[in-house]
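Tertiary structure, described
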Amino acid sequence: MEDAIVCKDIMKTYGEGSNSVQALRGVSLTVPSGTLQLLMGPSGSGKTTLISIMAGILTADSGSCSVLGTNLKEVSDKEKTQFRGKNIGFLFQAFNLIPSLTIEDNIIIPLLLNGVARKEAIERAKALLAEFGLGDKVGKMPSELSGGQEQRVAIARALAHTPQLIVCDEPTSFLDHHTGMKIMELLQNMVKTSKVTLIVVTHDPRITQFADNIKYLDDGLIVEKS
Ligand SMILES: Nc1ncnc2c1ncn2[C@@H]1O[C@H](COP(=O)(O)OP(=O)(O)O)[C@@H](O)[C@H]1O
Ligand SMILES: [Mg+2]
């Protein structure tokens, strides 16, 4: 089986001098293609930093990260942006929905960026909303939704362009138990039926049952168990 992600000895420090924070202190991690990888660990352990580097949103200070066969260090910023737009779906911890757009217009962003016609993109967005139990919310603005509903819209946006790699930062944090399990089943199903690789950062112990592998981060290092 090919590896979707091979990270070696990743280091990342924020800031400089006495205010600096060493977020990652030499992290190596391999994720096989077509698996659901959980990343767990306490707040501040470096989870978001690590997945941001994997997704090409942040750059590591040192070490290397190969994603879907592309070494992120060997491509220009422009190529990285294109690569990410085509191949990676990212669910941000804070959702990052665009408040001035309807929810379906948020979901179609990655589709439009990949050259899908607007009409077709909207159809796809509506189908995703229905799948996520939000079929009756078409036309609404993010501010008209609950936190849990917004989170599902953000997940739909991360999946819309059928990326090969999906990275979710705390995907169930705003969801009740039932909805959270439903969403995880849906994500797990995608991993099983298509060849996508899914990386999920979570605090939520209820999610561990869905994982093929679990890694624990603590204070910027992979540890045996937190
Ligand atoms: N933009 C930033 N500037 C400065 N420090 C940051 C920044 N982002 C994260 N950190 C710090 O880096 C460490 C790891 O953060 P993060 O990757 O967000 O951890 P987690 O997602 O596990 O909570 C924490 O100490 C955090 O305060
Ligand atoms: Mg985080």
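Here the structure is shown first, and the text comes after it.
A brief structural summary. Everything numeric here is computed off the predicted structure, so don't read it as measured data.

1. Considerations on the sheet that holds strand β2 (residues 21–32)
The antiparallel open sheet is built from 4 strands, whose spatial order is β2-β1-β4-β5. Only two strands of the sheet have a single partner each, and these edge strands are β2 and β5 (70–71). In terms of strand pairing, strand β4 (residues 62–67) meets β5 through 2 bridges, oriented antiparallel. Bridge pairing in β5 links S66 to N71. Against the sheet, helix α1 (residues 47–54) touches β1 (3–14), β2 and β4, its axis set at about 125° to β1.

2. Looking at the nonpolar core
Membership of the largest hydrophobic core comes to 57 residues, with the highest contact counts inside it found for L50, M54, I155, A156 and V167. Apart from the residues within four sequence positions on either side, V167 is in contact with I51, M54, A55, I88, F90, L91 and I199.

3. A closer look at helix α5 (residues 118–131)
The first and last C-alpha atoms of α5 sit 20 Å apart over 14 residues, in line with the 20 Å expected at 1.5 Å per residue. For α5, the full list of buried residues reads A121, R124, A125, L128 and L129. Taken end-on, α5 shows its buried residues confined to a sector of 140°, consistent with a single buried face. In α5, those exposed residues whose orientation departs by more than 90 degrees from the buried face are K119 and E120. Elements that come into contact with the buried residues of α5 comprise α3 (103–107), α4 (109–113) and α6 (147–159). Immediately downstream of α5, the backbone of G133 shows phi near 75°, a positive value.

The rules behind these values
Residues numbered from 1 in each chain as written. Chains lettered and ligands numbered in written order. Predicted model: local features only at pLDDT ≥ 70, side-chain atom pairs only at ≥ 80, totals over all residues. Pairing = 2+ DSSP bridges. Helix = DSSP H or I, 4+ residues; strand = E, 2+ residues; numbered from the N terminus. Contact = placed C-beta atoms within 7 Å. Axes fitted to C-alpha atoms, helices over the stretch in contact; angles between N-to-C directions. Core = buried A, V, L, I, M, F, W, Y, C linked by C-beta atoms within 7 Å. Buried ≥ 20, exposed ≤ 12 C-beta atoms within 10 Å, placed from the backbone. Expected span 1.5 Å × (residues − 1). Arc of directions from axis to C-beta.

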